[in-house]
Amino acid sequence: MAVSGTVWSQYDAQFSQYFMAMGYYNPGYAGTSGNLNVFALYRLQWMGWEGAPKSLFATADMPLAVKKVNLGIGAMVFTESIGLFNNSHFAAQVACKQKLFGGTLSIGLQPGIANISFDGSEGKLNLGESEYHQKEDEAIPNVKTSGMGFDLNAGIYYTHKKFYAGVGIMHIMEPELELEENISTFIGKSYNLTGGYNIQLENPLYELQPSVFLKTDLASFQADITARIVYNKMFNGGLSWRVNESAVVMLGATFGNIQVGYAYDFPTRGVLLKATSGSHEVMVRYQVKLNKTKSGQYRHKSVRIL
């Protein structure tokens with residue numbers, strides 16, 4: 001017999017196009033593009049597996065100058081259904097930026113609200129049918145219920161013309177959410193580390209973009225190793241390996257201010273090989289260039305007056 005008082009499991013979503021969805025993992029990313037950036041990503045994970053995760057992440061961010069302080073601000077929404085749970089996050093992002101070694105260092109915070117709901121209503125909760133199964137469990141709600149709490153993320157993100165790197169901490173305060181009077185759950189702290197490099201090939205139309213992403217909650221660990229190639233700054237494709245789990249094929253394109261991308265994960269080992277046909281992920285990003293007006297003694301309204 002084995003008895004456990006507490007069980008840990010990985011909570012945060014795993015996106016194959018993490019290099020585009022970095023605003024989910026690191027608030028220091030806010031405002032790094034220099035434009036008004038609107039981004040959305042939808043992921044269907046482990047197709048064919050009942051109750052498998054379905055995730056939607058959307059964010060908007062932009063740079064902002066307040067006197068002599070350069071900031072990045074943003075807002076994000078995340079929702080995920082997994083089994084009988086539905087997890088939602090709503091948050092604001094602010095990042096303080098400083099020029100450093102030819103690049104920009106950004107330190108960000110993300111305060112927000114986390115909500116977890118559980119639907120244990122009749123017909124959805126299955127505790128087993130045999131005489132050896134208990135029909136009710138005091139630790140499992142038999143109605144639809146939810147809990148809400150304050151959540152806080154932080155991150156450091158450095159961007160350079162040729163490379164980027166970042167480290168993020170999610171759910172710093174490990175919020176405890178009360179579903180019912182005697183039933184609660186909590187979101188454990190997690191850490192992530194990312195880095196990437198832009199390599200200009202001999203043919204100026206091609207650019208190689210290798211990157212890595214590491215994520216852990218100190219109980220489990222995930223690592224993505226990715227190589228993408230960009231043609232003429234318009235079309236891109238690549239491969240990624242999620243260590244000991246799956247391989248990923250990615251395609252993308254940029255048309256003016258709009259960028260789209262698709263990723264397909266197929267499992268490489270374990271029970272997933274028999275249980276699922278893979279995972280699908282689509283994303284879209286829309287960017288608007290911001291007009292930076294002149295200020296101070298050289299401010300003017302007409303190009304004739306210089």
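Conventions used here
- In this numbering scheme, every chain counts its residues from 1 along its sequence in written order.
- Local features in this predicted model are restricted to residues whose pLDDT is 70 or higher, and side-chain atom pairs enter the listing and the counts only when it is 80 or higher, whereas totals over whole chains, interfaces and linings include all residues.
- To get the side-chain values, all heavy atoms of the structure are used, and hydrogens and water are removed first.
- For helices the rule is a DSSP run of H or I covering at least 4 residues; for strands it is a run of E covering at least 2, with both sets numbered from the N terminus onward.
- Note on classification: 1.4 Å probe, protein chains only; a residue is buried when its accessible area is under 20% of the maximum for its type, exposed when over 50%, partly exposed between these limits.
- In this analysis, two residues are considered to be in contact whenever any of their non-hydrogen atoms come within 4.5 Å of each other.
- Each accessible area value is a Shrake-Rupley result obtained with a 1.4 Å probe; residue values ignore everything except the protein chains displayed when judging cover.
- Throughout, nonpolar core names a set of buried Ala, Val, Leu, Ile, Met, Phe, Trp, Tyr and Cys residues whose side chains join them through atoms within 4.5 Å.
- Any two strands with at least two DSSP bridges between them are considered paired.
- Two rings from Phe, Tyr or Trp (for Trp, the six-membered ring) form a pair when their centres are within 6.5 Å of each other. A pair whose planes differ by under 30 degrees is stacked, one over 60 is edge-to-face, and the rest are tilted.
- Any Lys or Arg side-chain nitrogen located within 4 Å of an Asp or Glu carboxyl oxygen qualifies as a salt bridge.
- The quantity known as pLDDT measures the predictor's confidence residue by residue, on a range of 0 to 100.

Engineer: Explanation requested: the overall build of the protein chain in the structure shown.
Structural biologist: Along the backbone of the protein chain there are 2 helices and 17 strands. Counting all 306 residues of the protein chain, 41% fall into the buried class. Long-range pairs, those at least 24 residues apart, make up 51% of the contacts in the protein chain with a sequence separation of at least 6. Total accessible area on the protein chain stands at roughly 18,100 Å², and carbon and sulfur atoms take up 61% of it.

Engineer: Looking at this structure, I do not really get the nonpolar core. What am I missing?
Structural biologist: Among soluble globular proteins, nonpolar side chains are generally buried collectively. Counting 24 residues, the largest nonpolar core has Phe15, Met22, Tyr24, Tyr25, Phe39, Phe57 and Phe78 as the members making the most contacts within it. For this core, the secondary-structure elements that each account for two or more residues are helix 1 (22-25), strand 1 (36-44), strand 3 (69-82), strand 7 (163-170) and strand 15 (246-255). Among the elements that make up this core, the one with the highest residue count is helix 1 (3 residues). Aside from chain neighbours lying at most four places away, what touches tyrosine 25 is Ala13, Gln14, Phe15, Tyr18, Gly168, Met170, Asn192, Phe213 and Lys215. Judged by nonpolar contacts, the second largest core, of 5 residues, contains Tyr11, Ile116, Leu177 and Ile187.

Engineer: I'm lost on the pairing of strand 10 (residues 190-197) in this one. Help?
Structural biologist: Regular strands have side chains that alternate between both faces of the sheet. In this sheet, strand 10 lies alongside strand 7 in antiparallel orientation, the contact comprising 8 bridges. By the bridge assignment for strand 10, alanine 165 is matched with glycine 195.

Engineer: Looking at this structure, I do not really get the packing of aromatic side chains. What am I missing?
Structural biologist: Two aromatic rings, taken as a pair, are described by how far apart their centres are and by the angle between their planes. Here the structure, examined in full by the defined rule, presents 19 aromatic pairs. When the centroid spacing of 6.3 Å and the interplanar angle of 70 degrees are considered together, the rings of phenylalanine 15 and tyrosine 25 count as edge-to-face. Placement of phenylalanine 15 in the segment before helix 1 and of tyrosine 25 in helix 1 is noted, with a sequence separation of 10 residues between them. Residue phenylalanine 15 shares its accessibility class with tyrosine 25, and that shared class is buried.

Engineer: Teacher, can you tell me more about the side chain of threonine 104 here?
Structural biologist: Examined against the element boundaries, threonine 104 turns out to sit in strand 5 (residues 103-119). Relative accessible area serves as the criterion here: at 18%, threonine 104 is assigned to the buried category. Ignoring any residue separated from it by four or fewer positions in sequence, one finds threonine 104 in contact with Lys97, Gln98, Lys99, Tyr157, Tyr158 and Thr159.

Engineer: Which parts of the structure should I look at to understand the pattern of salt bridges?
Structural biologist: Any two side chains of opposite charge can pair, given that their charged atoms come close. What the rule picks out here adds up to 5 salt bridges. Close ionic contact of aspartate 265 with arginine 242 constitutes a salt bridge, the shortest N to O distance being 3.1 Å. Placement of aspartate 265 in strand 16 (residues 258-267) and of arginine 242 in strand 14 (residues 235-242) is noted, with a sequence separation of 23 residues between them. Since its relative accessible area comes to 3%, aspartate 265 is described here as buried. Judged by its relative accessible area of 1%, arginine 242 falls in the buried class.

Engineer: What am I meant to see in the confidence of the model for the protein chain here?
Structural biologist: One rule of thumb: low pLDDT means the predicted coordinates there are not for detailed reading. Taken over all residues, the pLDDT of the protein chain has a mean of 87, while the share at 70 or more is 85%. Ranking the helices and strands of the protein chain by mean pLDDT puts strand 7 first, with 97, and helix 2 (residues 272-275) last, with 73. Contacts for the low-pLDDT stretch residues 302-306, under 50 throughout, to residues beyond four places or in other chains number 2 contacts.

Engineer: Would you take a moment to explain the environment of glutamate 178 for this structure?
Structural biologist: Mapped onto the elements, glutamate 178 comes out in strand 8 (residues 176-180). With relative accessibility at 52%, the residue glutamate 178 sits in the exposed group. Taking the C-alpha atoms as reference points, glutamate 178 and isoleucine 116, 62 residues apart in sequence, are found 9.1 Å from one another. Once you skip the residues sitting within four places of it in the chain, glutamate 178 turns out to touch Ser146, Gly147, Ile183 and Ser184.

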